[in-house]
Each structure stands twice: as C-alpha cells, then as structure tokens.
Protein chains: 2
Amino acid sequence: MTRPANDTFLRALLREPVEYTPIWLMRQAGRYLPEYNETRRRAGSFLNLCKNPHLACEVTLQPLARFELDAAILFSDILTVPDAMGLGLYFAEGEGPKFERPLRDEWEIRDLTAPDPNVHLRYVMDAVAEIRRALNNTLPLIGFSGSPWTLACYMVEGGSSSDYRTVKTMLYDRPDLLHRILDVTTTAVISYLNAQIESGAQAVMIFDSWGGALSHAAYREFSLNYMERIIAGLKRSHGGERVPSILFTKGGGQWLEAIAATGCDAVGLDWTTDLGEARQRVGDRVALQGNLDPMVLFTSPEKVAVEARRVLDSYGSETGHIFNLGHGISQFTPPENVAALVHAVHSHSRRGS
Amino acid sequence: MTRPANDTFLRALLREPVEYTPIWLMRQAGRYLPEYNETRRRAGSFLNLCKNPHLACEVTLQPLARFELDAAILFSDILTVPDAMGLGLYFAEGEGPKFERPLRDEWEIRDLTAPDPNVHLRYVMDAVAEIRRALNNTLPLIGFSGSPWTLACYMVEGGSSSDYRTVKTMLYDRPDLLHRILDVTTTAVISYLNAQIESGAQAVMIFDSWGGALSHAAYREFSLNYMERIIAGLKRSHGGERVPSILFTKGGGQWLEAIAATGCDAVGLDWTTDLGEARQRVGDRVALQGNLDPMVLFTSPEKVAVEARRVLDSYGSETGHIFNLGHGISQFTPPENVAALVHAVHSHSRRGS
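Residues numbered from 1 in each chain as written. Chains lettered and ligands numbered in written order. Predicted model: local features only at pLDDT ≥ 70, side-chain atom pairs only at ≥ 80, totals over all residues.

1. A few points about the overall build of chain A
Piece 1. A count of helical and extended segments in chain A gives 16 helices and 11 strands.
Piece 2. In summary, chain A has a C-alpha radius of gyration of 19 Å against a globular reference of 20 Å for 353 residues, a match within 12%.
Piece 3. The C-alpha extent of chain A, read off along each of the three principal axes, is 60 × 45 × 45 Å.
Piece 4. The buried share of chain A, taken over its 353 residues, is 55%.
Piece 5. Of the contacts formed within chain A by residues at least 6 apart in sequence, a portion of 71% connects residues at least 24 apart. (Helix = DSSP H or I, 4+ residues; strand = E, 2+ residues; numbered from the N terminus. Rg over C-alpha atoms; globule rule 2.2 N^0.38 Å. Buried ≥ 20, exposed ≤ 12 C-beta atoms within 10 Å, placed from the backbone. Contact = placed C-beta atoms within 7 Å.)

2. Points about the sheet that holds strand 9 (residues 266-268) of chain A
All names here are of chain A.
Piece 1. Strand order in this open sheet of seven strands is 1-4-5-8-9-10-11, and the pairing throughout is parallel. Bordering the open sheet on either side are strand 1 (72-73) and strand 11 (321-325), each of which pairs with just one other strand.
Piece 2. Strand direction decides the pairing type here: strand 5 (residues 203-208) and strand 8 (residues 245-249), joined by five bridges, are parallel. Across the sheet, Val204 pairs through a bridge with Ser245, a residue of strand 8.
Piece 3. Here helix 8 (residues 122-135) sits on the sheet in contact with strand 1 and strand 4 (141-146), set at roughly 160 degrees to strand 4.
Piece 4. Relative to the sheet, helix 12 (residues 216-233) contacts strand 5 and strand 8, its axis offset from that of strand 5 by approximately 170 degrees. (Pairing = 2+ DSSP bridges. Axes fitted to C-alpha atoms, helices over the stretch in contact; angles between N-to-C directions.)

3. Focus: the interface of chain A and chain B
Piece 1. The partner chain B presents 25 residues to the 25 residues of chain A that form the contact.
Piece 2. Of all the secondary-structure elements, those providing two or more residues to the side of chain A that touches chain B are helix 10 (165-173) and helix 15 (301-315) of chain A.
Piece 3. The dominant element in the side of chain A that touches chain B, judged by the number of residues it contributes, is helix 10 of chain A, at five residues.

4. Some thoughts on the relation of the copies chain A and chain B
Note on the chain copies: they are related by a rotation about an axis and a translation along it.
Piece 1. Mapping chain A onto chain B calls for a rotation angle of 180 degrees and an axial translation of 0.0 Å; the resulting RMSD is 0.0 Å. Considering both components of the superposition, the chain copies are consistent with a two-fold axis. For chain A, the smallest separation between a C-alpha atom and the rotation axis is recorded for A:Gln254, amounting to 2.7 Å.
Piece 2. Comparing interface residues between copies, 100% of those in chain A also sit at the interface in chain B, which points to an isologous, same-surface contact. (Least-squares fit on C-alpha atoms with pLDDT ≥ 70 in both.)

5. Things to note about the packing of helix 4 (residues 53-66) of chain A against helix 8 of chain A
All names here are of chain A.
Piece 1. In contact at an axis separation of 8 Å, helix 4 and helix 8 are set at 45 degrees when each is read in the N-to-C sense. Considered as vectors, helix 4 and helix 8 are oriented oblique to each other. Crossing of helix 4 over helix 8 shows right-handed handedness. Within the contact between the two elements, helix 4 uses Pro53, His54, Ala56, Cys57, Thr60 and Leu61 and helix 8 uses Tyr123, Asp126, Ala127, Glu130, Ile131 and Ala134.
Piece 2. Split by residue class, the contact of helix 4 with helix 8 holds eight nonpolar, two polar and two charged. (Parallel < 35°, antiparallel > 145°, perpendicular 65-115°, else oblique. Left-handed = near helix turned anticlockwise from the far one by under 90°. Nonpolar A, V, L, I, M, F, W, Y, C, P; charged D, E, K, R; others polar.)

6. Here we look at the sheet that holds strand 8 (residues 245-249) of chain B
Residue and element names in this part refer to chain B.
Piece 1. Reading across from one edge, 1-4-5-8-9-10-11 is the order of the seven strands in this open sheet, with parallel pairing throughout. Both edges of this open sheet fall to strand 1 (72-73) and strand 11 (321-325), since each of them pairs with a single strand only.
Piece 2. Bridging between strand 9 (residues 266-268) and strand 10 (residues 287-292) involves three bridges; their strand directions are parallel. When the sheet's bridge partners are listed, Val267 is paired in strand 10 with Leu288.

7. Some points on the nonpolar core
Piece 1. A:Ile142 and B:Ile142 are the most contacted members of the largest nonpolar core, which totals 244 residues.
Piece 2. The residues touching A:Ile142, leaving out its near neighbours within four places in the chain, are A:Ala71, A:Ala72, A:Ile73, A:Leu74, A:Ala201, A:Ala203, A:Val204 and A:Met205. (Core = buried A, V, L, I, M, F, W, Y, C linked by C-beta atoms within 7 Å.)

8. Things to note about helix 10 of chain A
Piece 1. Among all positions of helix 10 of chain A, only A:Val167, A:Lys168, A:Met170, A:Leu171 and A:Tyr172 are buried.
Piece 2. Buried residues along helix 10 of chain A sit against helix 9 (148-157), helix 11 (175-199) and helix 12 of chain A together with helix 15 (301-315) of chain B.

9. So, the packing of helix 9 (residues 148-157) of chain B against helix 10 (residues 165-173) of chain B
All names here are of chain B.
Piece 1. The interhelical angle for the contact between helix 9 and helix 10, taken along N-to-C directions, is 110 degrees, at an axis separation of 8 Å. By the angle between their directions, the pair helix 9 and helix 10 is classed as roughly perpendicular. On helix 10, the residues touching Ala152, Cys153, Val156 and Glu157 of helix 9 are Thr166, Val167 and Met170.

10. A closer look at the pairing of strand 4 (residues 141-146) of chain B
Each regular strand carries side chains that alternate between the two faces of the sheet.
All names here are of chain B.
Piece 1. Buried residues dominate strand 4, accounting for six of its six residues.
Piece 2. One ladder, built from two bridges, connects strand 1 with strand 4; its direction is parallel. Following the sheet pairing, Ile73 is matched in strand 4 by Ile142.
Piece 3. Across five bridges, the pairing between strand 4 and strand 5 (residues 203-208) is parallel. By the bridge assignment, Ile142 is partnered in strand 5 with Ala203.

The following block contains the structure:
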C-alpha cells in the first residue's frame, strides 16, 4: 500500500511537512449540494442512502468533483452502531434521528451486546471498500464513528434532546447503568472503526458531538475515558501505513489538554477556541483540526476569504493544521462560498507564497 | 440604608467573610413551582405577569417562602429592553419569545434609540420598589438585564435560533450595523440597570446567554467589550452601599480571565468549568457564582446532596463563592429536590462544622 497521490491531509495529521494547509469539511457530502439531494431522492430516504454502498459512494465523491478538497469522508450516519445493536433507527421527516426502542429498562441495558461490524454493519464496510476503489488512491478516505457518550445520549433519550434530561438523570442516579451502556458501545466502536480501517479507511475520526453538555468531572468519567479506550484499541497502521486518529468534542475547548493526552493524533476544535492559543496549550503533541464558524459561509466569497485567512493566521505557519469548519456545514450554505473557502485556504497557506 | 438582615450573598460577592456559602437559583421564581403557575394563570399570560408590578412581586417572593434562599431576584424577562425599543415582544404558546418587528433593514437599525427606563420600563422599576418594600430588608434583591449581544440575537433573529444564522451573517457581513445595534442597546442597558439600582436593586447581573455561540475573537468584539462598557457605566454604590455586579456568559469558561478583567465583581459559570481551576485562573479578582448541572435536580434528595457537596468542595473553603445552578432551573424540577439542595449547601458549607 502506498499513500494517495495527494497525501497532504495525512501528512498534516502526522505533523510532517506540507506545501499548503489541507482542508475538508464536516458533512461535506450533504444537503447543501443539489446533486446530493438528487441522489437522496433516488434513494427514497436518508437511511436507504446510508445503507446502499453504491449510493453512499456516489454522494461521498460529489463534493470532491466540485471542490479541491484534500480528503474524502465516508458518507454514513453516526447512529449506525446503535441501529446494529437493535434499537431501530428511523428518521421522522424534519425531526432528526430517532430510535424505536430507546434504552430505558435495566434488563435491556444488561442484554446489550456489541454487533459484529462485518456482519451487522457490512453495508458500511462495503461502502468504504467501494469508495476506496473509486478514489483510486488520489485522496485519503476518512472513516468515523460517534463517541460512546454521544451514542448513549441518543440511545437513552431516543432522539436528540435540548437538555439531555433522561440520560443525565441516569448519569447522576444510576451511573452503573450508563457505564454498562458506554462499556458495550466502546467495544462496538473499537471493532467498527477497526473494520473500517481493514476495509480501507486511511484515518478515523470520533465525533463527540454532545461531550460539551457534560460537567467538567462527568466529561472525563463518561466521555473522555471511553474515547481514550477506543484510541488504545485502534489499529495504529494498516498495509504498512499509519492510520491517524482525530478526536472532536464539540464545546470541549476547555478540556483540550486532557483530550490531547488520550493518544489521538489530532484534536478537532470548534470556533470558540483560538487556534494559536490551542497550539501553545498542546505543544507538539497533536495536530489541530478546525475551526471556522460555519455561519461565515453565509456571507460573500470575499468575506469568506478574509475569515479563512484569519483562521490560518491564528494557527501560524507550522505544520499540523487541518482546516475545517468548527461544526458540520449548514444545509443552506451556498456552494459558491465553499469554492471560495477551499481556494482561499489553499492559496493563502501555500508555503513560500 | 443598611444591608439586609441576611447579607451573606452580598458579602460573598465582595469576597468578605461569610458563615456559610449563600445560594440562589437562576429562574428560582418559575414554572417548577405550582404557586407560580397559579399566579401566571391569574395574570392571563407571561407578559401580563412581567408587566404587573404587584404580580411580579408576588412570584418573586414565592421561592423565598419555600426555601431558605439567600437572595431574591426580580421577576422579569430579559427582553423588556428591546420591547421598550418598539420591537413588539410576544410569546407564542410553547414557542418562546418572539418579536413582531425584528431588526432587518438598515433604516430601522439607524433609527433605533435607547428607551427612558423610568418611562418605558416604569413597570420594572415599580416591581423593584414593591419587592424591596415586601422584602423589608430581610434579603438582598438582584436586578438584571440581558447582555447587548444576547438581546441583539433576539432582536435580529426575531426569536430564538439554533444557529444564529441571521445575526451572524450580519456580524460577518455588516459588522457596522451590528455594532450600531449593540451600541444603542448598551446605552439602554446601562440606564436600565442604573434605574433598577435607584429603585432598590442591591446587586445586578448581566445574562449573556448566547455569548458562547461566538468565536473567540467575535466574543471579545461583539459581546465582552459591550459588557465591559456596561460595568464601567453602572452606579457602583447606592445609599452608601456598594452594588456588586455579576457577569454570566453561558459557555464562556474558556474566556474566564478576560471576563474577570472587565471590572465586574463576580463571574457566573456553567457546569462545564471546574470551580477550583477557575479560582486559580482568576486569583482573588472576582467572586465566582455557580455551577451545579440543573439536571442533578432530577435525581433524589440524597444524590442532590452528594453533587452539591462536590461543587462546594471543588471551590474550597475560601470566601467568594455564591452557589447557583449553571443555568436556569428546569420547569420539570421536583421542588423537594430544591429544598434538599438549599439544605445541603448551607449545612455542608457552614464554617467550623
């Protein structure tokens, strides 16, 4: 195995020298692209799209045809693992993800088992393999999973929540039950990500979307500790190449040092953290990924370029920066502003220019 | 004027010695209390309740009759100031606050003027005076306002928002217009809080509920700078007594040092920040208020006591701590758990016990 023709993203993750700052965008294959909406329409539903490797491959490649992005990311949903555990994922129109059978009863929690990713999540592995073939070693492919805490939020609440009341009541009242869910989910995520790596993912990212809702102490006990176990359980290399890992806790800027100490290769940051200060706090232990406010993409190409430069300049000229948004791209984003962003990041960061 | 019989809260704010850690709760007069719902029913609507000084006084006192809280806080809404500016505040059932005339057009923004609080917000001043008479100098009364940025979010979006798209597009695209809104609103908040002080408020708090949605740089430019101007414009004392100020940015833990440098007397913290670390970061410049996760109140009196002790112990035994939640109390909170919280905070923190 060799590195892809454009391996800038992988080099930045490993803090090796790069010619320019690589960029990809969280949710880059998504509803802001008309061609995505067209494929989704053909699929019939979001879940059909996720579960059809051929269509998942098609939408994964769509943003790469439009923009000079430096990485592809598997098109999938973060809730595939609990779905494979039997909770029954579904999407009510305009309401976000829900589970038919949320975890509430003690016996259900005791009975929870980790699925075999090569059986119950075969469609994901098939998509990874198909995307790798389609990419033909031009660009690296990122695999991903939700963090155990974030998955547990959905599994216990049964959907998204504004205050996490049900799962937090369990956390404070019956921490043993929540730890049981997190333990099984951690085992599941480790084998899920390793199966993605074996199927061809060249880097992996853990999305801890709701870690920022936890108290300082609870974050360590119920989210970070489990992510650290995942990092320790991941295959570090495949086919002779290192497979770097990225850990992203939305709202986790205060806990950056602890996140960087988990053994991950890179930390994702939202826009509330200054990249230069973050660099000073973590030294050269990890690469940093981020962190433009996605709302900047609602202005104009000129303003997008100004704000992109601001983010690049806040990081400085060292290697170890992967440009991204601080959160997933909004479905209402005008695609021409994404083109302006990619261009601005590449041209402003080109070394020696 | 003399300090109230129980001035523990004021002493803690000024980092003077106290016998125990004082406690009050954000939104302590609210929907979790059956007697509040009864008064609100009589008022006909939430807005009628806010605008009737007699009923506002009644609900302000309700939690004090049930729990041994160490401060009263004016019952009002954070959006009274933009309402007095003519934006037309209303509450659609189950939908939160909205404005009939959100700020969108440049001419509307240029025409914006600060209201005279003693004319257009007379009902608030009357409520403050009536609450002070009713309290009869037993407990201190806290006045409050929303921060300019938080008010601007509602004024531009026209209601609450999940992504602040409209106001952030203005921020990045037409910062001059947003600065104009913030400038007028800052002038309005200064005179509003000073009028509350003259009417009898013995401490004031600024709620920056949405400051945490801003980027690191934008927070300073569009929220913190204006709050600093408010602090500088506040009457420092009234009737010979210091009137301390509290500044609370939800999600602002990363920016604690900058917040503490505004000249405020105390900083409110949500539950994501460890109080002991916060104390080390700010030294003895400010008192700290917070920071129990409101979801702890959904467990049992025993668990509430355990978590309350954890927060007290994280702060340590020095003065300068005011116990509170890290956010407003949930409407679904069982009142008996609030009683357990108040009792636990007082008994565990009593000096020499």
